[in-house]
Amino acid sequence: MGRTLAEKVWDAHVVRRAEGEPDLLYIDLHLVHEVTSPQAFDGLRLAGRAVRRPDLTLATEDHNVPTDALVISDPVSRTQVETLRRNCEEFGVRLLPMGDAGQGIVHVIGPQLGVTQPGATIVCGDSHTSTHGAFGALAFGIGTSEVEHVLATQTLPLVRPRTMAVTVEGALQPGVSAKDLVLALIAQVGTGGGQGHVVEYRGEAVRALSMEARMTVCNMSIEWGARAGMIAPDETTYAYLQGRPHAPQGEEWDAAVAHWDSLRTDDDAVFDREVVLDASAVTPFVTWGTNPGQGVALGEAVPDPQALPAGTEREAAERALAYMGLTAGTPMREVAVDTVFLGSCTNGRMEDLRAAADVVRGRRVADGVRAMVVPGSMLVKLQAEQEGLHEVFTDAGFEWRNAGCSMCLGMNPDTLAPGERSASTSNRNFEGRQGRGGRTHLVSPEVAAATAVAGHLAAPADLSDARTLQEA
Amino acid sequence: MDAFTTHTGTAVPLRRSDVDTDQIIPSDWLKRVERTGFGAGLFSQWREDPDFVLHRHPGATVLLAGKDFGTGSSREHAVWALQDHGFRAVISPRFADIFRSNALKGGLLPVQLPEDVVERLMAAVEADASTPVTVDLEAREVRSGDVVAPFALDDFTRWRLMEGLDDIGLTLRHEPDIAAYEQRRPAFLPTTR
Ligand code: SF4
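It should be emphasised that the depicted structure is a prediction, and the values quoted were computed from it without experimental measurement.

J.: How do you make sense of the overall build of chain A when you look at a structure like this?
T.: A tally of regular secondary structure across chain A gives 17 helices and 19 strands. Its C-alpha atoms give chain A a radius of gyration of 22 Å, near enough to 23 Å, the size a compact globule of 472 residues would have. Across its three principal axes, chain A shows a C-alpha extent of roughly 70 × 55 × 50 Å. Here chain A holds 472 residues, and 67% of them are scored as buried. At a minimum sequence separation of 6, the contacts of chain A that also span at least 24 residues come to 76%. For chain A, the computed accessible surface area is about 15,500 Å², with 50% contributed by carbon and sulfur atoms. Taking the 39 positively charged and 61 negatively charged side chains of chain A as two groups, their mean positions are separated by 3 Å.

Encoded structure:
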């Protein structure tokens, strides 16, 4: 019987297999950041262990860093970042620190450097490591004990996960993005729908996605419970990789491509589960609740919990609406926001910035709305500035920041105030995720941009109407 | 890691599904570089509510939770916070993968039981907070009143938990296999240098 992409990558990394034990899997790339690593390095020190492969390890500073200054004023955040610096120095790990041209969100810099490659096993103490699966890598988040384990041994003992296929047929309509697609998928399958599975996204609509859009989809795999998300490598992948600093060159490139070409799910391979989605039916999508599965099309209204079956699901919806300060039946388009955040490892790359800039070009952020753009890496920032995008944003009234996780999570100065409402291109709308009491609506970059201009949740198509109406 | 064989204690019924790790330990707590002291941060925002269920079950060591417990972030701090608060086991109809794996690393037992069994346990604990719940890893069974429910856990993990063994030490016994694998890795693979 044939094998799936995930199974091929898994099998190629088995160091040791024994009956009744987890497989010992080799890890090709270990990404590290300041939040989930200090206790792991401490563990190494206590046991007198070294980092086995510092040359397969790469660290960056992203969660705690301020995005408007190069000085960390919060002493606790500063200690965490300084601890990472000391640990990297002591254990010989390459670090891209704040202020370095290569610094950025850990899941943006791997692909950008070309260290994220098809067929690799990639881990990081961060659940959105699934992002790297867009290249056909087996990439997943791990906890701090596992971070220590990988530092010490470059391996992980793991039980082989089940496999699932998400086949997206048809084509996305113009104005509908990868973010809308994945939000619609999560609303359909639920936050636990992928639990225990490595998911392969396939089908016509997935093949048509750019590399950056594929990263957006794979990034959110964890939000519906999947262990990892993968997309088979193809010409789009190779074109993105070729010429990147750590991509193979010359004869090695040819050898690599020959190997990558073999990373396809065999025709006779069987997935444990399959989900089929019609891309042409997806429209701009937004969340109304406090988990990423609580979403609806932008054209719909806040759902009524009473329409749900009694029990935990209805209670969860009621609690979410209370937290979000929303009333059932309110059209989503009438929900006014205080803040718009464009950034994160989901939507902080060049294409995201370009798409949003296209919407705001020549327009103004609505009165009373705070809007900010936080590029996913300093390289994205530089490139955007070379294209003049920063001026498009600042002319419209957006703040233009340095790279970091920023308002994706409340660990740095960029947070929501209690009760404040945001449209955010990040990946989590949990209670308090963007700051205590903050209310988050997850949206695409296009919707974020249109929302900033309109002052309420909106798609770009709504704006031209609004303009005509005003002028009339 | 402390060995886990069997544990009996009282339980907290947390009637919520999708309890994400941002709720278990909010991100402001993640700035700490130590491994201890996270108990005070456990459910810190929910705990501000005097009616929060945790306040009504002081000293409980077993957490009963709704479906999809531990979703979201990979932060192992969630496990450390639960343990630091005194929990030895969490019982839920379904766990997020990374949380489950983190819990098993640290010796906090994640026990998956059918929804109706969790419901019966919750009802019993809500009726009488002093109801003891036994989590027996040796027998792979949860017992409380007239509830006797088997749960699944693979032999290897069960053995490791019962012995209180550290994964790194176990893996390092296979160092020659790791070195041999490294010899076979293709030349085109990247390094971070
Ligand atoms: S941008 Fe958000 S989701 Fe991504 S790594 Fe940073 S905190 Fe995590």
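J.: Would you mind showing me how to read the interface of chain B and chain A here?
T.: Note: interface size is frequently given as the accessible area lost on complex formation between the parts. If you look at the interface, chain B gives 57 residues, while chain A gives 79 residues. For the pairing of chain B and chain A, the buried interface totals around 5,700 Å² over both sides, and the portion due to carbon and sulfur atoms is 52%. When the buried area of chain B at its contact with chain A is split by residue, Lys31(B), Phe188(B) and Thr192(B) rank highest and sum to 14% of it. Remark: the boundary between chain B and chain A carries eight salt bridges. Arg436(A) is paired through a salt bridge with Glu48(B); the nearest N and O atoms lie 2.9 Å apart. Where chain B meets chain A, there are 39 residue pairs in polar contact (both at pLDDT 80 or more). At the level of secondary structure, the elements contributing two or more residues to the side of chain B that touches chain A comprise α1 (21-24), α2 (44-47), α4 (77-85), α5 (97-106), α8 (167-172) and α9 (175-184) of chain B. Here the element with the most residues in the side of chain B that touches chain A is α9(B); it accounts for seven residues.

J.: Help me understand the packing of aromatic side chains in this model?
T.: Tallying each qualifying case throughout the model produces 15 aromatic pairs over all chains. Here a set of aromatic residues connected by ring pairs shows up, and it is made of Tyr238(A), Trp253(A) and Trp260(A). For Arg16(B), the ring lying beneath its charged end belongs to Trp46(B), and the centroid distance is 4.0 Å.

J.: Hey, could you run me through the sheet that holds strand β9 (residues 162-169) of chain A in this one?
T.: In a beta sheet, neighbouring strands pair by backbone hydrogen bonds and run either parallel or antiparallel. All names here are of chain A. Spatial strand order, β11-β10-β9-β12: four strands in an open sheet with parallel pairing. Taken across any chain shown, the strands that pair with only one partner, and hence form the sheet edges, are β11 (228-230) and β12 (273-278). Strand-to-strand twist of the sheet, defined as the mean angle between neighbouring strand axes without regard to direction, takes the value 20°. Across three bridges, the pairing between strand β10 (residues 197-202) and β11 is parallel. If you follow Glu 200 over to β11, its bridge partner there is Met 230.

J.: Can you help me understand the site of the ligand in this one?
T.: Taken together, His63(A), Ile105(A), His107(A), Asp126(A), His128(A), Ser344(A), Cys345(A), Cys405(A), Cys408(A), Leu409(A), Asn427(A) and Arg433(A) make up the full set of residues near the ligand. According to the grid-proximity analysis, the pocket containing the ligand is the largest cavity.

J.: Can you help me understand the pattern of salt bridges in this one?
T.: When the charged atoms of two side chains with opposite charge come close together, those side chains can pair. Residues and elements named next belong to chain A. A full pass over the atoms with the stated rule returns 42 salt bridges over all chains. The salt bridge partner of Asp 11 is Arg 3, with a shortest N-O separation of 2.8 Å. With relative accessibility at 26%, the residue Asp 11 sits in the partly exposed group. Residue Arg 3 is classed as partly exposed on the basis of its relative accessible area of 35%. Among the charged side chains, a salt-bridge network with shared partners connects Arg 3, Asp 11, Arg 17, Asp 23 and Arg 160.

J.: Would you mind going over empty space enclosed by the protein with me for this structure?
T.: A water-sized probe, rolled over the atoms, reveals where empty space remains. Applying the stated criterion across every chain yields a total of eight cavities of 30 Å³ or more. Counted as a void, the largest cavity has a volume near 220 Å³. Around the largest cavity sit 23 residues that line it, and His63(A), Asp126(A), His128(A), Leu409(A) and Arg433(A) are the ones nearest its centre. For the lining of the largest cavity, the per-class residue count stands at seven nonpolar, twelve polar and four charged. Taken together, 13 residues form the lining of the second largest cavity, with Thr290(A), Arg319(A), Glu431(A), Ser17(B) and Asp18(B) sitting closest to its centre. The residue inventory of the lining of the second largest cavity, partitioned by class, reads three nonpolar, five polar and five charged.

J.: Help me understand the packing of α4(B) against α5(B) in this model?
T.: Helix-helix packing: each pair is described by the crossing angle between the helix axes and the interaxial distance. Residues and elements named next belong to chain B. With their axes 9 Å apart at the nearest point, α4 and α5 run at an angle of 50° to one another. On the basis of the axis angle, α4 is oblique to α5. At the point where α4 passes α5, the crossing takes the right-handed sense. Across from Ala 78, Val 79, Leu 82 and Gln 83 in α4, the residues of α5 making contact are Phe 99, Asn 102, Ala 103 and Gly 106. Of the residues in the contact of α4 with α5, the class split is five nonpolar, three polar and no charged.

J.: Where do I start with unusual backbone geometry in this structure?
T.: Most peptide bonds adopt trans geometry, and most residues besides glycine take a negative phi value. Residue Ser406(A) is not a glycine yet carries a positive backbone phi of 50°. Turning to its location among the elements, Ser406(A) is positioned in the loop between β17 (399-400) and β18 (421-424). Exposure remark for Ser406(A): the relative accessible area of 0% places this residue in the buried category. One non-glycine residue, Arg140(B), adopts positive backbone phi at about 50°.

J.: Explanation requested: the side chain of Thr121(A) in the structure shown.
T.: Residues and elements named next belong to chain A. Assignment of secondary structure puts Thr 121 in strand β6 (residues 121-124). Judged by its relative accessible area of 0%, Thr 121 falls in the buried class. Those residues within four positions of Thr 121 in sequence are excluded, and the remaining contacts are Val 9, His 13, Leu 25, Tyr 26, Ile 27, Asp 28, Leu 29 and Leu 138.

J.: Whenever I open this one, the pairing of β10(A) confuses me. Can you help?
T.: In regular strands, side chains alternate between the two faces of the sheet. Residues and elements named next belong to chain A. Within β10, five of the six residues are buried, leaving the element largely enclosed by the surrounding structure. Bridge analysis of β9 against β10 gives six bridges, and the strand direction is parallel. Across the sheet, residue Ala 165 finds its bridge partner in β10, namely Glu 200. As for the winding sense of the linkage, the β-α-β connection from β9 through helix α6 (residues 178-189) to β10 is right-handed.

J.: Honestly, the pairing of strand β15 (residues 339-343) of chain A in this entry has me stumped. Any pointers?
T.: Residue and element names in this part refer to chain A. Among the five residues of β15, five are classified as buried, and the element is accordingly described as predominantly covered. Neither face of β15 is left uncovered, since the one carrying Thr 339, Phe 341 and Gly 343 and the one carrying Val 340 and Leu 342 both have all their residues buried. Of the strand pairs in this sheet, β15 and strand β16 (residues 370-374) are connected by five bridges, and their pairing is parallel. For Gly 343, the partnering residue across the bridge sits in β16 and is Val 374. Across three bridges, the pairing between β15 and β18 is parallel. Of the residues in β18, the one forming a bridge with Phe 341 is Ser 424.

J.: Please clarify how the sheet that holds strand β3 (residues 62-65) of chain B should be interpreted in this entry.
T.: Residue and element names in this part refer to chain B. Reading across from one edge, β2-β3-β4-β5 is the order of the four strands in this open sheet, with parallel pairing throughout. Each of the sheet's edge strands pairs with one partner strand only, and the pair in question is β2 (11-14) and β5 (109-112). Strand-to-strand, the axes of this sheet are offset by a mean angle of 20°, without reference to chain direction. Where β2 meets β3, four bridges bridge the pair, whose relative direction is parallel.

Rules used in this analysis
- Residues numbered from 1 in each chain as written.
- Chains lettered and ligands numbered in written order.
- Predicted model: local features only at pLDDT ≥ 70, side-chain atom pairs only at ≥ 80, totals over all residues.
- Heavy atoms only, no water.
- Helix = DSSP H or I, 4+ residues; strand = E, 2+ residues; numbered from the N terminus.
- Rg over C-alpha atoms; globule rule 2.2 N^0.38 Å.
- Buried < 20%, exposed > 50% of the residue type's maximum accessible area, 1.4 Å probe, protein only.
- Contact = heavy atoms within 4.5 Å.
- Areas by Shrake-Rupley, 256 points an atom, 1.4 Å probe, with all protein chains shown as cover.
- Lys, Arg positive; Asp, Glu negative; His and termini not counted.
- Charge placed at Lys NZ, Arg CZ, Asp CG, Glu CD.
- Buried area = accessible area lost by both parts, 1.4 Å probe.
- Salt bridge = Lys/Arg side-chain N within 4 Å of Asp/Glu carboxyl O.
- Polar contact = N/O pair within 3.5 Å; in protein donor to acceptor, adjacent residues only side chain to side chain.
- Phe/Tyr/Trp six-rings, centres within 6.5 Å; stacked < 30°, edge-to-face > 60°.
- Lys NZ or Arg CZ within 6 Å of the ring centre and 35° of its normal.
- Pairing = 2+ DSSP bridges.
- Axes fitted to C-alpha atoms, helices over the stretch in contact; angles between N-to-C directions.
- Near = heavy atom within 4 Å.
- 1 Å grid on protein atoms, 1.4 Å probe; cavity = no way out; pocket = protein on both sides within 12 Å on 5 of 7 lines; lining within 4 Å.
- Sits in = over half its atoms within 2 Å of the grid points.
- Points joined across faces, edges and corners; volume = space filled by probe spheres on them.
- Nonpolar A, V, L, I, M, F, W, Y, C, P; charged D, E, K, R; others polar.
- Parallel < 35°, antiparallel > 145°, perpendicular 65-115°, else oblique.
- Left-handed = near helix turned anticlockwise from the far one by under 90°.
- Right-handed = clockwise from strand over helix to strand, strands pointing away.

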